[in-house]
Amino acid sequence: MSAIATTSPATDPTVALAEHTVQLRIDGMTCASCAARVQKALLHVDGVEDANVNLATETATVTARPAPAGSSTPPQASLSVQALMDAITLAGYKVHLPPPIELAIEGMTCASCSGRIERQLNLQAGVIKAEVNLSTEQARIQCLPGTTAEHLITVIDKAGFGARAISSAEPAGQASLDTQAKRNAEARIYQRDFWLAVALTLPVFMLAMGGHLVPVLQQWLMTVLGQHTNWLIQGALTTLVLLGPGRGFYLRGIPALLHAAPDMNSLVAVGTLAAWGFSTIATLAPGLLPHGTVHVYYEAAAVIVTLILLGRLLEARAKGKTSAAIRHLMGLQPQTARVQRNGQRVTIALADVVAGDRIELRPGERIPVDGKVVAGDSYVDESMLTGEPVAVHRQPGDSVTGGTLNQSGALTLQATAVGEHSVLAQIIRMVEQAQGAKLPIQALVDKVTLWFVPTIMALALLTFGVWLIFGPEPALTFGLVNAIAVLIVACPCAMGLATPTSLMVGTGRGAAIGVLFRKGEALQQLQDVAMIACDKTGTLTEGKPALTDFDVTPDLEADSLLAMIAAVEQHSEHPIARAIEDAAQQRQLNLPTCSDFASLAGLGVTARVMTDVTQNKQMQTIALGSDRLMQQLGIDIRPLAHTAARLGQEGKTPLYVALAGQLAAIIAVSDPIKASTPAAIAGLHQLGLKVVMITGDNHHTAAAIAQTLGIDQVIAEVLPSGKVDALQQLKNKLPTGQQLLFVGDGINDAPALAAADIGMAIGTGTDVAIEAADVVLMSGNLNGARTAIALSKATMTNIRQNLFWAFAYNAALVPLAAGVFYPSFGWLLSPAVAAAAMAMSSVFVIGNALRLNRVRLA
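Here's what I pulled together on the structure shown here. Once a new chain begins, its residue numbering starts again from 1 and follows that chain's sequence as written. Under the rules for a predicted model, residues below a pLDDT of 70 receive no local features and side-chain atom pairs below 80 are neither given nor counted, while totals for whole chains, interfaces and linings still include all residues. Only hydrogens and water are set aside when side-chain values are computed; all heavy atoms of the structure are taken into account.

Before going further, it helps to spend a moment on the overall build of the protein chain. By definition, any uninterrupted DSSP run of H or I lasting at least four residues is a helix, any uninterrupted run of E lasting at least two residues is a strand, and each is numbered from the N terminus. For the protein chain, the helix and strand inventory stands at 30 helices and 30 strands. In terms of its C-alpha atoms, the protein chain occupies a principal-axis envelope of roughly 125 × 75 × 50 Å. Any pair of residues with heavy atoms lying within 4.5 Å of one another is described as a contacting pair. Within the protein chain, contacts between residues separated by at least 24 positions form 68% of all contacts whose residues are at least 6 apart in sequence. We get accessible surface area from the Shrake-Rupley algorithm with a probe of 1.4 Å; when it comes to residues, only the shown protein chains can shield them. As displayed, the protein chain offers around 36,800 Å² of accessible surface, 57% of which is attributable to carbon and sulfur atoms.

Have a look at this one:
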């Protein structure tokens, strides 16, 4: 995708466009009809004045609709690149974009920090969409060509934070490991600072509050030290707490405040400095304060810093557990491999293994890379990949995946995919991307947290003013203490962590059981699924058809005709073609010459073949396909209609063969239903979901299969290009808010996977299908759909619990800290108690998210 971006900030968060136009590069267009379809889709997007699609250059040039006369809004503000991309995807094509820029960000401590960075990034020309995740401490920015990571890092630096680019050359999961290492280092620093703060705060607390606990101590302190000396010692120790263990709050909070972008550190800094400053004046210049207000609050400042450091320590440790899924996946691969080099067996580092190497495995060893078995026989535990506990038998010719466990036998493998190309690396990347996504439910939180800290500071000022004017004596003391309590008790962190921590744990749990979320938002959408539409072949069935019937007209010889059909089908990629080839091989038939092969999507195939294998004399046209293909060719199929009806009722797929324009035979293939499918459909019904089967089979065959499985609705005789229309009709029947899930695996399913509200691909399918899907089921069966929906509901329930806690906590304790309940009940909140509550609020949210690892999904 290419476009000319302005140099001024955009008001539209998607992107700013120059010259009123944007140019998109489109993949997948093959003919003029494709170009016309894309152009029509673009013209229906809001804000588009004109669209021209060039098939030769594979580009679309879109012109924005001019702003109304007198409007200050630039034309580009009315045109969303994201909307253009969505329209092209829905039409069945793909916009070619450069890979997103990923940045690791340092210095974020609360949701206000991540919100401020995200807002600054989205304001940059050339940025389509930026998402900043507080939990993973990473940013993912989709940009137009020409936008550099260096520019974005500069923007983040100016906002007061640090950033570095995550290189695409880094091993999958390395960024997560780096983040974890940084968290571990932070936890060690917090632990050191916390215990130092405890050592300094305990004497302050005893000097200030010990007399209230032990009256004799108060008498001794006044006699031996005196009040002024007591205050001087408290002041000195508290100053050490603030300048030592607590310095980070001021180094981050005060600059943020000066940049008019306060964060949680600013709240702590202002609150503790207010307590310390007032106490210092009371100690060194008491005459400056009104009569009756000379008190010190050193212990409040010291205890606040100490308790918040404790909260940060516990939070850092808890955050480390949320990324356990990535660390577990990365730990599945051994660090070395035993390979055959120059006729010798040598042990080398995993990074040195290359495709083509022969690797030797002993029983009980983990498979280091993806490969194909060339010798040996064993059972392999693939539960890390599929979530299925039963080991799978592997023998020569079978593929194995790196990270899985060889159980019983010795194997020799030939490496086929290593490093970033391996299945395990792709899974780790997918989990990382899903964990870094931003769910739609987060939108409200982002709006609140953007203004949360300034609002709290305003409320603190209001609290101080109201108490100073209307409060009882000493009004200044009441105003100061309650304003500090308001600043300290408010916690934007709990709101900011509520969604991303649950998302991290939920997607990690999914990866452990074979459910991979390519798009994090799918985790939220799945909870609203009301209908599941399934492709038949490879989804409900094994995807490995076998030839079961072959009825030939009396004037033709069966083996000769089967050889001609197999000669044609060897050029096809369809599973039915493999069934016919296998049947010909079993009969040891010699295949004739074939030319002019043509595949007609959803109908069948045509070609020219030699009609006499031995004499090699005459080329004839042959056609194999559905009744619809025969009708198009004008071939009368009534002589075999009764046979076709019988085969359909048996759940088999009948196909007609025409030779030289005449009906020649009818064949039937049967694709066995997966053993897991009946239980999976029953489980989906238990969830209250309606199950629909979409298939290219004729009505008789489709109805027979649906009746066997208990499927609610069948849409039969659907061409691959018609699946999108079929899905649209199903979506139109659903009430607003309910979602349609499509599950498929074939390459013909890719447009349907993109068109459904949620696309779910069976992991045994093609790469194109998986790329188009929102969720990938590595188990290869429909049971994963039920598990994914259950995981979605559990995760969203967890997120709602976190959000309720975060909002309810602030809604209840901020008024209490401000003294709203004092006139009626005499309730006030001590700043020290406020600090303890604030420190524990984030820990509660993270701890609740970690419960997802123990939730039952069956």
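From this point on, the discussion continues.
Once that is clear, we can look at the sheet that holds strand β14 (residues 392–394). Here a strand pair is declared whenever DSSP counts at least two bridges between the two strands. A sheet is described by the order of its strands in space; here three strands give the open sequence β14-β13-β16, paired in antiparallel fashion. Taken across any chain shown, the strands that pair with only one partner, and hence form the sheet edges, are β14 and β16 (405–406). Direction of pairing for strand β13 (residues 378–381) relative to β16: antiparallel, over a ladder of two bridges. From the neighbouring strand, V380 faces β16, where its bridge partner is N406.

With that settled, consider the environment of A32. The residue A32 is located in helix α1 (residues 32–43) in this model. For the pair formed by A32 and A56, sequence separation is 24 residues and the distance between their alpha carbons is 9.7 Å.

This part covers the sheet that holds strand β24 (residues 653–659). Pairing is antiparallel across the open sheet formed by six strands, whose spatial order is β20-β25-β24-β23-β22-β21. Whereas interior strands pair on both sides, the edge strands pair on one side only; in this sheet they are β20 (546–552) and β21 (594–600). Strand-to-strand twist in this sheet, taken as the mean axis angle between neighbours without regard to direction, amounts to 20°. Alignment of strand β23 (residues 619–625) against β24, held across four bridges, turns out to be antiparallel. Residue pairing for β24: A623 is matched across the bridge by A658. To get an axis, fit a line to the C-alpha atoms, keeping to the stretch in contact for a helix; angles then go from 0 to 180 degrees between the N-to-C directions.

Only residues whose relative accessible area exceeds 30% and that form no salt bridge are eligible for patches; like-charged ones are grouped when within 9 Å, while nonpolar side chains (Val, Leu, Ile, Met, Phe, Trp, Tyr) are grouped when within 5 Å. Note on definitions: salt bridges are taken to be side-chain nitrogens of Lys or Arg within 4 Å of carboxyl oxygens of Asp or Glu. On the surface, a nonpolar cluster with roughly 610 Å² of combined accessible area is contributed by L459, L462, V466, L468, I469 and F470. Examined against the element boundaries, L468 turns out to sit in helix α14 (residues 442–470).

Turning to helix α4 (residues 149–158), a few remarks are in order. Within the sequence span of α4, burial applies to A149, L152, I153, V155 and I156. The arc enclosing the buried residues of α4, seen along the axis, measures out at 155°, which places them on a common side. Opposite the buried face of α4, at more than 90 degrees from it, the exposed residues are E150 and K158. Looking at the buried residues of α4, the elements they touch are β5 (101–106), α3 (111–122), β6 (127–133), β7 (138–143) and β8 (162–165). One or two steps after α4, the chain reaches G160, where phi turns positive at roughly 100°. Working definition: with a 1.4 Å probe on protein chains only, accessible area under 20% of the residue-type maximum means buried, over 50% means exposed, and in between means partly exposed. As used here, the arc belongs to the directions running from the helix axis to the C-beta atoms.

Right, let's get into the pattern of salt bridges. Counting across every chain of the model gives 18 salt bridges. Between D774 and K519 there is a salt bridge, and its shortest N-O distance comes to 3.3 Å. One end of the pair, D774, is in the loop between α27 (767–772) and β30 (775–777); the other, K519, is in the loop between β18 (515–517) and α17 (521–525), with 255 residues separating them in the sequence. A relative accessible area of 8% places D774 in the buried class. The partly exposed category is assigned to K519, whose relative accessible area is 35%. Here K723 makes a salt bridge to D535, at a shortest N to O gap of 3.1 Å. You can see K723 sitting in helix α25 (residues 723–733) and its partner D535 sitting in strand β19 (residues 529–535), a full 188 residues away along the chain. This pair shows no difference in class: K723 is buried, exactly as D535 is.

In this section: the nonpolar core. Across soluble globular proteins, you tend to see nonpolar side chains buried next to one another. Residues belong to a common nonpolar core when they are buried Ala, Val, Leu, Ile, Met, Phe, Trp, Tyr or Cys residues joined through side-chain atoms within 4.5 Å. Among the nonpolar cores identified, the biggest contains 138 residues, and L121, L526 and I532 are the most heavily contacted of them. Broken down by element, the residue count for this core peaks at 16 residues, all from helix α28 (residues 783–818).

Now for the side chain of S266. You can see S266 is positioned in helix α9 (residues 264–284). Residues in contact with S266, not counting those within four places in the same chain, are G253, A256 and L257.

It is a general feature of regular strands that their side chains alternate between the two faces of the sheet. Bridge count for strand β1 (residues 21–27) against strand β3 (residues 59–64) is five bridges, and the pairing is antiparallel. Its bridge partner lying in β3, V22 is registered against V62. Here strand β2 (residues 48–54) hands over to β3 after four residues, with E58 in that stretch at a positive phi of 55°.

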